[in-house]
Amino acid sequence: MSPELTRRPEWQALRQHFAEIGSLHLRDLFAADPARGERFTAEAAGLYLDYSRQRISADTLRLLGELAEACALPRHIAAMFRGDLINTTEHRAALHVALRAPAGEQIWVDGRDVVADVHTVLTRMEVFAEAVRSGSWLGYTGQPVRNIVSIGIGGSDLGPVMAYEALRAYSRHDLRLRFVSNVDGTDLAEALRDLDAAETLFIVCSKTFTTLETLSNAQVAREWCVAVLGSDAAVARHFVAVSADAERVAAFGIAPAQMFGLWDWVGGRYSMDSAIGLSTLLAIGPAAFRDMLAGMHAMDVHFRDTPLAHNLPVLMGLLAVWNNNFLDAASVAVLPYEQYLKRFPAYLQQLAMESNGKHVTVDGVRVDYATGPIYWGEPGTNGQHSFHQLIHQGTRIVPCDFIGFSQALNPLPVQHDLLIANMLAQGEALAFGRSADEVRAEGTPDELVAHRCCEGNRPSNTLLAARLTPWSLGTLIALYEHSVFVQGVIWDIDSFDQWGVELGKQLASTTFAELSAATLPALAHDSSTNTLIRRYRQLRDAPGR
């Protein structure tokens, strides 16, 4: 049986509408409406969105809004903010909005005010961070902390890494932060290579404190610390944990007072503003961290309270559905023209693709439409000399999100103007291209005309803010979080589980036991996996060349 979405009259109306306008070029749309660039915009919480270069008309927006209403988007938004169990397959709330709710607000889950719990943990994080930053927190040998190594993976790593890189201008430069996520030993070895254990603090981030990669790295870090400092007692002064399992944390040697809690209603990829963000707080300090939370909350309030037609996350989410399901655009390029945001596309990869990379509806019915697109990108202008060729002249439509700031964080104004000029030029070139007549008018030989033509009509958004600050980073993160949620609601999928990830973890545990066994056990995999296990063991145990 086909899912309900594609049978809805509103979906069918969009299909008919696309048949009518799908061949229109952005040149035609702008020619018919010269003020389009002023009208197809929205603004909230310091972010300005220009979506005039999307291949849409006013009727498209109206029909997308009708689809959103038919899919009960306002009801789903309200349910999330109430703390309803919208993560249906795990019977959990998805309450990342509670992580940045101001003190005094109340959101109840299972009879507890979770906002009060959040602020209790936040206060403990701030006290600890101030102790480390002031030098009053001393290591086992009496030395202050100068190095911080955060150990996590997935949502326990991507968000904190992104935030640290994004807010380096606001960070304490006498504190060196490093991040370890890959179970490849090289990652940890390089992180520890030039560090003094007496001055190093480790943050172990794992909600269950069972994550294979994280605990493997943490155990090696523990052994390194104990070997250098000469006592197991050193662990209590050099390790803290972010987890929900106090028993496992204590067994590792971390005192309960040095564990910062999480809750099951915090999904990993939505957790960077929880205790998972302890590394961010240590780097930028409590005041700046609270500014980031306030920016997130400002976007939350806008998303919760603003009518759909003027709602930034709703508009971006619906435009993503339009591009994915009607323009058949299978990917989205996120292009921040700000070097500090170099890890933002990688962060969005998990946020978007782990959330909406699903093939069944919330009722378990196979979908008959595309769901989550592929998110990728690089900071400008690097990408222009890498993959922009494909975006301009390739055979695939790749919608782009350009992100820029009017004020530079470093005093090089000429370079910043050049940077933003490139961003604006890329959006213009993608939209309007260069026709054969325009190429010929430049004196191009006939045999090269086809090579130099750019068709244009490539859709894009442009997001502009005054300056990259903790506040504006918070608004940007929340904007994309909610946009991803909007897409999931329209596609009728659970954006908050990740069972595909769990399958890989389960298989890896079995395979690890087989790889590490003293003698090769009986193998019951497919012939490819069995052969690869045997070949790996053979090469691993062979004498060096």
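Worth saying up front: this structure is predicted, and the values here are computed from it rather than measured. Throughout, a residue's number is its position along its own chain's written sequence, starting from 1. The predicted nature of this model means local features are confined to residues of pLDDT at least 70 and side-chain atom pairs, given and counted, to a pLDDT of 80 or more, with totals for whole chains, interfaces and linings taken over all residues. Just so you know, side-chain values use all the structure's heavy atoms and leave hydrogens and water out.

Student: Could you give me a rundown of the packing of helix α5 (residues 73-82) against helix α13 (residues 286-305), with the residues and numbers involved?
Tutor: Angular values range over 0 to 180 degrees, each being the angle between N-to-C directions of two axes fitted as lines to C-alpha atoms, with helices fitted over their stretch in contact. The helix count covers DSSP runs of H or I at least four residues long, the strand count covers runs of E at least two residues long, and both are numbered beginning at the N terminus. Two elements in contact, α5 and α13, have axes separated by 9 Å at closest approach and are oriented at 140 degrees. In terms of axis orientation, α5 runs oblique to α13. On the side of α5, the interface is formed by Ile 77, Met 80 and Phe 81, while α13 contributes Asp 300, Phe 303 and Arg 304. Partitioned by chemical class, the residues of the contact of α5 with α13 number 4 nonpolar, no polar and 2 charged. Note on angle classes: values under 35 degrees are labelled roughly parallel, values over 145 roughly antiparallel, values of 65 to 115 roughly perpendicular, and the remainder oblique. Working rule for contacts: check all heavy atoms of both residues, and any pair within 4.5 Å makes them a contact. Three residue categories are used. Nonpolar comprises Ala, Val, Leu, Ile, Met, Phe, Trp, Tyr, Cys and Pro, charged comprises Asp, Glu, Lys and Arg, and polar comprises the others, including Gly.

Student: Summarise the side chain of Arg 269; cite the residues concerned and give the values.
Tutor: By the secondary structure assignment, Arg 269 is in the loop between β9 (259-261) and α12 (278-284). Whether a residue is buried, partly exposed or exposed follows from its accessible area with a 1.4 Å probe, protein chains only, as a fraction of its type maximum: under 20%, in between, or over 50%, in that order. According to the relative accessible area criterion, Arg 269 is buried, its value standing at 3%. Contacts described as polar in this section are N or O atom pairs within 3.5 Å, which, within protein, must combine one atom able to donate a hydrogen with one able to accept it, while residues neighboring in sequence count only if both atoms come from side chains. Side chain to side chain, Arg 269 and Glu 354 meet in a polar contact 2.8 Å long. Engagement of the side chain of Arg 269 in a polar contact is seen with the backbone oxygen of Ser 495, the distance being 2.9 Å. Beyond its immediate sequence surroundings of up to four residues, Arg 269 is in contact with Gly 155, Tyr 347, Gln 350, Leu 351, Glu 354, Ser 355, Ser 495, Phe 496, Asp 497 and Gln 498.

Student: If you had to explain unusual backbone geometry to someone new, which residues and values would you point to?
Tutor: Residue Thr 381 is reached from Gly 380 by a cis peptide bond, and omega for that bond is 10 degrees. As for its placement among the helices and strands, Thr 381 is situated in the loop between β11 (374-376) and α16 (388-393). With phi around 50 degrees, Asp 110 is a residue other than glycine that occupies positive phi space. Within the secondary structure, Asp 110 is located in the loop between β3 (108-109) and β4 (112-113). Residues other than glycine seldom take positive phi values, yet Asp 492 does so here, at roughly 60 degrees. Along the chain, the position of Asp 492 falls in the loop between α20 (470-491) and α21 (499-516). Looking at Asp 492, the relative accessible area reads 31%, which means it is partly exposed.

Student: Give me the lowdown on the sheet that holds strand β8 (residues 239-243), citing residues and values where you can.
Tutor: At least two bridges found by DSSP between two strands is the condition for calling them paired. Spatially, 5 strands are ordered β6-β5-β7-β8-β9 in an open sheet, and the strand pairing comes out parallel. Whereas interior strands pair on both sides, the edge strands pair on one side only; in this sheet they are β6 (176-180) and β9. Across this sheet, the average inter-strand angle for adjacent strands is 20 degrees, counted without regard to direction. In this structure, strand β7 (residues 200-205) lies alongside β8, joined through 4 bridges in parallel fashion. If you follow Ile 203 over to β8, its bridge partner there is Val 240. Contacting β5 (147-151), β6, β7 and β8, helix α9 (residues 212-229) crosses the sheet at an angle of about 160 degrees to β7.

Student: Could you give an account of the sheet that holds strand β10 (residues 331-336), naming the residues involved and the relevant values?
Tutor: Strand pairs in the sheet, formed through backbone hydrogen bonds, run parallel or antiparallel to each other. Here 6 strands make up an open sheet; going across it, the order is β1-β2-β13-β12-β10-β11 and the pairing mixed. Every interior strand has two partners, whereas the edge strands, β1 (41-44) and β11, have only one. Direction aside, the axes of adjacent strands within the sheet are offset by 15 degrees on average.

Student: Which residues make up the packing of aromatic side chains, and what are the values?
Tutor: Stacked, edge-to-face and tilted are the three classes for Phe, Tyr and Trp ring pairs, Trp counted by its six-membered ring, which pair at centre distances within 6.5 Å; planes under 30 degrees apart are stacked, over 60 edge-to-face, the rest tilted. Considering all chains together, one arrives at 22 aromatic pairs under this definition. Measuring from centroid to centroid gives 5.8 Å for Phe 40 and Tyr 51, while their planes differ by 65 degrees, and the two rings are edge-to-face. On the criterion of sequence distance, the pair formed by Phe 40 in the loop between α3 (36-39) and β1 and Tyr 51 in the loop between β2 (47-50) and α4 (58-70) is long-range, its members being 11 residues apart. The residues Phe 40 and Tyr 51 share a single accessibility class, namely buried. Between Trp 322 and Phe 326 the ring centres are 5.3 Å apart and the planes differ by 25 degrees, which places this aromatic pair in the stacked class. Here Trp 322 falls in the buried class, since its relative accessible area comes to 0%. Among the aromatic residues, ring-to-ring pairing joins Trp 11, Phe 18, Trp 322, Phe 326 and Tyr 369 into one connected group. Between the NZ or CZ atom of Arg 237 and the centre of the ring of Trp 137, over which it lies, the distance is 3.7 Å. Two thresholds decide whether a charge sits over a ring: the Lys NZ or Arg CZ must be within 6 Å of the ring centre and within 35 degrees of the ring normal.

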